[in-house]
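# Close look at the chain arrangement
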Amino acid sequence: METQLAPRARTGLSRYSDTWVFLDGEMVRYHDAYLPPMTHALHYGTGCFEGIRAYWNAEQDQLFLLQAEAHYKRLRRSASILRLDIPYSDTELVNWTAEILRRNNARTDTYIRPLVFISAEEIGVRLHDLQRSVLIYTAPLGEYIATDAGIRCMTSSWRRIPDFAIPARAKISGSYINSAFAKTEALENGYDEAIMLASDGHVSEGSAENLFMVRDDVFVTPSVTEDILEGITRNLLIGLARNELGLQVVERSIDRTELYTCDELLLCGTGAQVSPVVELDHRKIGDGHVGRHTRRLQDLYFSAVRGDEPRYRHWLTPVYG
Ligand code: PMP
C-alpha cells in the first residue's frame, strides 16, 4: 500500500485531480483541497456525510439529481447530533451540487459525497468548539452491488451500533467501521453482502443498505428504532410499494428466522439501489430467484430515478439547462 500512496502523495495527482470540489464556500480543484495531517476527523471519525446519486439520461441529454434536498436535510440532522452546524441553506447546497456537476461536465451516472467534518488541527477527542469544514466532491459511479441476478448474504457476527453508543440514524464517518467489519467478513467468506442484527437480535440493516422482506404479499421493513439509517431509498420504496403495487407496508421488528422463511428479500440504498437477495445463510429466499414484487419495484425505481416516469419527476433536480 505504501508504495502506491507515496508517489501520489508526492505529486498530489490522482484520477480525480482535475475535478472541481466545493470546500467551505468556494469551488476549488480536487488537488487544491488540502487537508492537513492533523485534521481531527481523519483521526477520530468526527464528521458526517451523505451519498447522493445523479442519473444520466442520454435521450433527454440530462443529469438528474435524486432526492437532493432530502439528503441535505438528513446531513443537517446528522450534523446537529454531532454538534456541527452547516452555514448554508439546503437550496444553496443543492445549487452548489448542480454547479460542481456542471463544472465537472458529469454526463454519466455520478455519485456526490457531501462531508461535514471537524477540520481543526487539534489533539484531543471532543465535539464542541472546534473548526468544521464542508466538502462536496463528485465521482462517476456504476453499480455498488449487483442489482440483476440477486445477491447472496450472510448474517453478520457483528451487531449494528446501538443508538446509546453511536446513533445509526446519523451518518457519522467513524461509525462506518461497524459496517466495514461486517462487509469485510461477508466478502472474505464468499458472500456479497452482510445483514446486521441490532444488539437485541432483531434484524437491523445491511452494511450500507436498508432491508425489506415480502411475506404473504405484505412488504415489511425494520422500523426506525431498530438502529438503522433512516434511508431515503427506503422511503421511496415504501411509497412505490403502496401506491404502485398496492401492497400493505408494515414497519416493525423482524426476527432473523423470518428472513429465512420470507417470500422475497431486498436491500436498498442510494449506492445499492434496489438489490434482490436470493440466498441468506445458505437458505434460499423464496424459490431462489428474484421475486415478482422486487422485480417490479426495481423496474419502477430505475425508470423513475432516470427521469422516465413523469409522476415521479418531483424526486429529481435537473442539472443542465
Ligand atoms: N443504511 C446504511 C448504513 C447506509 O450507509 C445507507 C446508505 N446511505 C443506507 C442504509 C441507505 O440509505 P439511503 O437510501 O438514504 O442511501
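Rules behind the numbers
- Residues numbered from 1 in each chain as written.
- Predicted model: local features only at pLDDT ≥ 70, side-chain atom pairs only at ≥ 80, totals over all residues.
- Heavy atoms only, no water.
- Near = heavy atom within 4 Å.
- Polar contact = N/O pair within 3.5 Å; in protein donor to acceptor, adjacent residues only side chain to side chain.
- Helix = DSSP H or I, 4+ residues; strand = E, 2+ residues; numbered from the N terminus.
- Buried < 20%, exposed > 50% of the residue type's maximum accessible area, 1.4 Å probe, protein only.
- Pairing = 2+ DSSP bridges.
- Core = buried A, V, L, I, M, F, W, Y, C linked by side-chain atoms within 4.5 Å.
- Contact = heavy atoms within 4.5 Å.
- Salt bridge = Lys/Arg side-chain N within 4 Å of Asp/Glu carboxyl O.
- Domains from an automatic or database assignment.
- Buried area = accessible area lost by both parts, 1.4 Å probe.

## A few points about the site of the ligand
Near the ligand, the surroundings consist of 16 residues, among which Arg74, Tyr176, Glu205, Thr233 and Thr270 are the closest. Side-chain polar atom of Tyr176 to an oxygen atom of the ligand: 2.5 Å apart, as the coordinates give it. One nitrogen or oxygen atom from the side chain of Glu205 is found 2.6 Å from a nitrogen atom belonging to the ligand. Elements that contribute at least two residues to the shell around the ligand include exactly helix 6 (232–243) and strand 14 (264–269).

## Notes on the pairing of strand 15 (residues 273–280)
Counting buried positions along strand 15 gives eight out of eight residues, so the element sits mostly inside the fold. Pairing analysis gives three bridges linking strand 8 (residues 151–155) to strand 15, with the strands arranged parallel. Bridge pairing in strand 15 links Arg152 to Glu279. Sheet topology places strand 14 next to strand 15; five bridges connect them, and they run antiparallel. Considered in strand 15, the bridge of Cys268 is made with Val274. The hairpin formed by strand 14 and strand 15 contains three residues between the paired strands. In sequence, strand 15 turns back onto strand 16 (residues 283–284) through a hairpin of two residues, with Asp281 there showing a positive phi of about 50 degrees.

## What to know about the nonpolar core
Residues Leu63, Leu65 and Leu101 are the most contacted members of the largest nonpolar core, which totals 33 residues. Looking at this core, the elements that each hand over two or more residues are strand 1 (20–23), strand 4 (52–57), strand 5 (62–66), helix 3 (68–81), helix 4 (90–103), strand 6 (110–118) and strand 7 (132–140). Aside from chain neighbours lying at most four places away, what touches Leu101 is Ala54, Leu63, Leu65, Ala106, Thr110, Ile112, Thr138, Val319 and Tyr320. Listed in part, the 25 residues of the second largest apolar core include Phe64, Phe212, Leu236 and Ile238.

## Observations regarding the pairing of strand 11 (residues 210–215)
Of all six residues in strand 11, five are buried; the element is thus mostly enclosed. Bridge analysis of strand 11 against strand 14 gives five bridges, and the strand direction is antiparallel. Looking at strand 14, one finds that Leu211 is bridged to Leu267. As paired strands, strand 11 and strand 12 (residues 218–221) are joined by three bridges and run antiparallel to one another. Bridge pairing links Arg215 to Val218 in strand 12.

## Quick look at the pattern of salt bridges
In the structure shown here, the tally under the stated rule is 21 salt bridges. The residue Arg169 makes a salt bridge to Glu230 at a minimum N-O spacing of 3.5 Å. Note that Arg169 is positioned in the loop between strand 8 and helix 5 (176–188) and Glu230 in the loop between strand 12 and helix 6, a separation of 61 residues in sequence. Classification of Glu230 by relative accessible area gives partly exposed; the value is 26%. Here Lys183 and Glu193 are joined by a salt bridge, their closest N and O atoms 2.9 Å apart. With Lys183 in helix 5 and Glu193 in strand 9 (residues 193–197), the pair connects residues that are 10 residues apart, well separated along the chain. Comparing Lys183 with Glu193, the two get one shared label, buried. Counted as one network, the salt bridges with shared partners bring together Glu99, Arg102 and Arg103.

## Considering the domain arrangement of the chain
With domains assigned, the chain is organised as domain 1 (16–140) and domain 2 (151–305). Its C-alpha centre places domain 1 at a distance of 26 Å from the equivalent point of domain 2. In this assembly, 19 residues from domain 1 lie in contact with 18 residues from domain 2. Summed over both sides, the interface of domain 1 with domain 2 buries roughly 1600 Å², with 64% coming from carbon and sulfur. Contact with domain 2 buries area across many residues of domain 1, yet Phe49, Tyr55 and Arg74 alone supply 36% of it, more than any other trio. The interface formed by domain 1 and domain 2 contains zero salt bridges. On inspection of domain 1 and its partner domain 2, the count reaches eight residue pairs in polar contact (both at pLDDT 80 or more). When contributions to the side of domain 1 that touches domain 2 are tallied by element, the ones reaching two or more residues are strand 3 (47–49), strand 4, strand 5 and helix 3. Element by element, the count of residues in the side of domain 1 that touches domain 2 is highest for helix 3, at five residues.

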